[in-house]
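Residues per chain are reported as follows:
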Amino acid sequence: MTLIIAEIAQAHDGSLGMAHAYIDALAKTGVDAIKFQTHIADAESSSFEPFRIKFSKQDKSRFDYWKRMEFTLEQWKELKAHCDIVGLEFMSSPFSNAAVDLLESIGVERYKIGSGELTNLLLLEKISQTKKPVILSSGMSSYKELDSAVSYLKKRSVPLSILQCTTAYPTFPEQYGLNVIQELKQRYQVTVGYSDHSAKMETCIAATVFGAEILEFHVVFNKEMFGPDVSASLTVTETKCLVEAVRNINLAMVNPVDKDNNLVFKDLKLIFEKSLAINKDLSQGHVLGFDDLEAKKPAEKGIPAAKFMEVIGKTLQHDKAQWEFLNSEDIV
């Protein structure tokens, strides 16, 4: 069954109440996990960090924005406890070693590493020391960089999954890279998923068909909301629809159909398939041609329609009225 992760990231805009509201809303959609991002501005950023996009009028710098996104240890514990109550796995991506310490203190089950941290071996080492599973996003990474990170984690016996991802907000169809899902499976022999920034339900649905075993996507209450990821996000309503679609695909994929076995359609075939009939009044001795024949429901009332070639050129043994079924005893 596909692991479905709804990412809130900074959609809460620094509001603890909003973060809790997302937990309650997403618990009703059927997702497996809700993912935040744990930012500790002093540990991960500086005044030199530029904005990815200039979305904020209230934050003078990216550092100020991260500062505003911080929650205290107790607040993070409250969010984790809320997730436990509603049956969602609490996840959060750390962006510093200090964030790993915080997340360890609240008891996360696994770590999701954003693609911007893939070359941060200091962080990978910190996380590897926890011995917990890692989901690694490939986002902006080349295979050379990905090889290095995967090798580093595998040497430390870290249980590993990889997500195909394109770091573009939003991602357009020509950037999806759905082909990479199977490439990653073959190259690394690990569980592979898809991290989406397209803001379209069909992308994750397609990724599921392409073999993604994990799905991650951003979620917002409304696409008019404030924040850097809004244009790359699904709404809560769309999330519920997506989960239902993915679960249906999961069910279909573990129930292959044997096209050679159509016994289940036996009764329906009797209703829908057809028998040969005469399309006009014909007299005894008439030699049947193609233009004399029609096919009518149901099956087994006359010669099967599939055998019409065996009837052409045969002679009627007695008169036949229009629309009567044609049987073997009628011809010679």
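Placed above this text is the structure.
Residues numbered from 1 in each chain as written. Predicted model: local features only at pLDDT ≥ 70, side-chain atom pairs only at ≥ 80, totals over all residues. Heavy atoms only, no water.

Caption draft 1: Just the packing of aromatic side chains, in detail. The final tally for this structure, using the stated rule, is seven aromatic pairs. A ring pair is formed by F290 and F308, whose centres lie 5.9 Å apart and whose planes are at 70°; its orientation type is edge-to-face. Here F290, found in the loop between β10 (275-278) and β11 (293-296), pairs with F308, found in helix α12 (residues 308-311); they are 18 residues apart in sequence, far enough to count as distant. Its relative accessible area of 27% is what places F308 among the partly exposed residues. If you follow R156 out to its NZ or CZ, it ends over the ring of Y152, 3.5 Å from the centre. Lying over the aromatic face of F325, K296 brings its terminal NZ or CZ to 5.3 Å of the ring centre. (Phe/Tyr/Trp six-rings, centres within 6.5 Å; stacked < 30°, edge-to-face > 60°. Helix = DSSP H or I, 4+ residues; strand = E, 2+ residues; numbered from the N terminus. Buried < 20%, exposed > 50% of the residue type's maximum accessible area, 1.4 Å probe, protein only. Lys NZ or Arg CZ within 6 Å of the ring centre and 35° of its normal.)

Caption draft 2: Just the packing of helix α4 (residues 73-86) against helix α5 (residues 97-106), in detail. Closest axis-to-axis distance for the α4/α5 pair is 10 Å, and the angle between their directions is 50°. Classified by the interaxial angle, the pair formed by α4 and α5 is oblique. Here the hand of the crossing between α4 and α5 comes out right-handed. Seen from α4, the contacting residues are L73, W76, K77 and K80; seen from α5, they are L102, S105 and I106. (Axes fitted to C-alpha atoms, helices over the stretch in contact; angles between N-to-C directions. Parallel < 35°, antiparallel > 145°, perpendicular 65-115°, else oblique. Left-handed = near helix turned anticlockwise from the far one by under 90°. Contact = heavy atoms within 4.5 Å.)

Caption draft 3: Local environment of helix α1 (residues 16-27). Its 12 residues place the ends of α1 17 Å apart at the C-alpha level, agreeing with the 16 Å of an ideal helix rising 1.5 Å per residue. Buried residues of α1: L16, A19, H20, Y22, I23, A25 and L26, and no others. Elements in contact with the buried residues of α1: β1 (3-9), β2 (33-38), α4, β8 (214-220) and α10 (236-253). (Expected span 1.5 Å × (residues − 1).)

Caption draft 4: Here's a closer look at the environment of M309. Along the chain, M309 turns up in helix α12. Take M309: its relative accessible area is 58%, and that puts it in the exposed class.

Caption draft 5: Representation of the pattern of salt bridges within the structure. Within this structure, the stated rule accounts for 18 salt bridges. Here D42 ties to K67 by a salt bridge, and the two come within 2.9 Å at their closest N and O atoms. On the criterion of sequence distance, the pair formed by D42 in helix α2 (residues 41-44) and K67 in helix α3 (residues 62-69) is long-range, its members being 25 residues apart. Residue D101 is joined to K126 by a salt bridge in which the shortest nitrogen-to-oxygen separation is 2.9 Å. Pair noted here: D101 is in helix α5 and K126 is in helix α6 (residues 121-128), with a separation of 25 residues, a long-range link. Residue D101 is classed as partly exposed on the basis of its relative accessible area of 43%. Each of the salt bridges in this network shares a partner with another, and the network as a whole consists of K320, E324 and D330. (Salt bridge = Lys/Arg side-chain N within 4 Å of Asp/Glu carboxyl O.)

Caption draft 6: Up close: the state of the cysteines. Summed over all chains, the structure comprises zero disulfides. With no disulfide of its own, C165 has C204 as its nearest cysteine by sulfur position, at a separation of 11 Å. Judged by relative accessible area, which is 4%, C165 ranks as buried. (Disulfide = S-S within 2.5 Å.)

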